[in-house]
Amino acid sequence: MVFALLGVVGTVVTFLVGLWSARRARGRVIAEHAEAVRGFRDQVDDLHRRRVRHHTAAHRTVIETMNEVFGGGTQLWRHRLHDRDDGSLVAVVGTGTHRWRPPIDAAAGIDVSLWHEIERGGRLDGVSAALTIRPGEAIGITGRLDFARAVVRSVITQLATWVGPADWQLVIVTSDE
């Protein structure tokens, strides 16, 4: 009878120790996962901040253009068409939301719950809205005449300030309306 009792006690103790060990291991795995998720979010936030800085530096606002024109003028015509891969001209026409895809490998087995973080990091709110004109393209501005003229003036001023006359040509086709 003593041996039977020792067998039952030994089984119960072994079960409780296993349960306690499994619980500690599960807690450790959950803590490691939470730390990995925090690290991932921090990396996405860092990529987002870098992209906002890059976007801001690459798309000069109208105010920066006017400061350059009426200020010292030390950076006039500093952009060349060969500076951009596609040889395009860029002018800012306002502010808005810009989307981009953070350079994260989708095949890396990322948890589905983290895609929300990636999408959030790929949305740049309140940044310059750029008008891109590629070689050989033409653009048309329509709408109320005073607004259309203001947009055209802004685009021409920006291009004339930042891109030299050797790299672009302005042709205006208009009606008297």
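Residues numbered from 1 in each chain as written. Predicted model: local features only at pLDDT ≥ 70, side-chain atom pairs only at ≥ 80, totals over all residues. Heavy atoms only, no water.

## So, the overall build of the protein chain
Each helix and strand counted, the protein chain has four helices and two strands in total. Counting from the amino terminus, the protein chain carries its helices and strands in the arrangement α-α-β-α-β-α. In terms of overall dimensions, the protein chain is more spread out than a globule: its C-alpha atoms have a radius of gyration of 30 Å, far above the 16 Å expected for 177 residues. Seen through its principal axes, the protein chain has C-alpha atoms that stretch 110 × 35 × 25 Å. Across the 177 residues that make up the protein chain, the buried fraction comes to 20%. In the protein chain, 77% of the contacts between residues at least 6 apart in sequence involve partners at least 24 apart. Accessible area for the protein chain stands at about 13,000 Å²; split by element, carbon and sulfur atoms hold 60% of it. In the protein chain, 22 side chains carry a positive charge and 20 a negative one; their mean positions are 7 Å apart. (Helix = DSSP H or I, 4+ residues; strand = E, 2+ residues; numbered from the N terminus. Rg over C-alpha atoms; globule rule 2.2 N^0.38 Å. Buried < 20%, exposed > 50% of the residue type's maximum accessible area, 1.4 Å probe, protein only. Contact = heavy atoms within 4.5 Å. Areas by Shrake-Rupley, 256 points an atom, 1.4 Å probe, with all protein chains shown as cover. Lys, Arg positive; Asp, Glu negative; His and termini not counted. Charge placed at Lys NZ, Arg CZ, Asp CG, Glu CD.)

## Quick look at the environment of Ile104
With respect to the element layout, Ile104 can be found in the loop between β1 (89-99) and α3 (115-121). The class of Ile104 is partly exposed, set by a relative accessible area of 22%. Taking C-alpha positions, Ile104 is 8.3 Å from Ile118, a pair spaced 14 residues apart along the chain. Among all residues touching Ile104, those that are not within four sequence positions of it are Phe40, Val44, Ile110 and Ile118.

## Examining the pattern of salt bridges
Across all of its chains, the model carries ten salt bridges by this definition. Linking Asp125 and Arg123 is a salt bridge whose minimum nitrogen-to-oxygen distance equals 2.8 Å. On the accessibility criterion, Arg123 (35% relative accessible area) is partly exposed. Linked through salt bridges whose partners overlap, the residues forming this network are Arg41, Asp45, Glu117 and Arg120. (Salt bridge = Lys/Arg side-chain N within 4 Å of Asp/Glu carboxyl O.)

## What about helix α1 (residues 2-58)?
One full turn of an α-helix is made of 3.6 residues, so residues set three or four places apart face in the same direction. Taking 1.5 Å per residue, 57 residues should reach 84 Å; α1 reaches 83 Å between its end C-alpha atoms and fits that length. Looking only at α1, the buried set comprises Val37, Phe40, Val44 and His55. (Expected span 1.5 Å × (residues − 1).)

## Regarding the packing of aromatic side chains
Within the structure shown, the criterion is met by zero aromatic pairs. Looking at Arg51, its charged tip hangs above the ring of Trp100, at a distance of 5.2 Å from the centre. (Phe/Tyr/Trp six-rings, centres within 6.5 Å; stacked < 30°, edge-to-face > 60°. Lys NZ or Arg CZ within 6 Å of the ring centre and 35° of its normal.)

## Side note on the packing of helix α2 (residues 62-70) against helix α4 (residues 145-162)
Relative orientation of the contacting elements α2 and α4 amounts to 50 degrees, with a least axis distance of 10 Å. It follows from the interaxial angle that α2 and α4 lie oblique. Handedness of the α2/α4 crossing: left-handed. Contacts between α2 and α4 involve Val62, Glu64, Thr65, Met66, Glu68 and Val69 from the first element and Ser154, Thr157, Gln158, Thr161 and Trp162 from the second. (Axes fitted to C-alpha atoms, helices over the stretch in contact; angles between N-to-C directions. Parallel < 35°, antiparallel > 145°, perpendicular 65-115°, else oblique. Left-handed = near helix turned anticlockwise from the far one by under 90°.)

## Some points on the environment of Gly136
Mapping Gly136 onto the fold places it in the loop between β2 (123-133) and α4. Linking Gly136 and Ser88, residues 48 residues apart in sequence, is a C-alpha distance of 9.5 Å.

## Thoughts on the side chain of His55
Mapped onto the fold, His55 is located in helix α1. Filtering out sequence-adjacent residues up to four positions away, His55 remains in contact with His98, Leu124, Val127 and Ser128.

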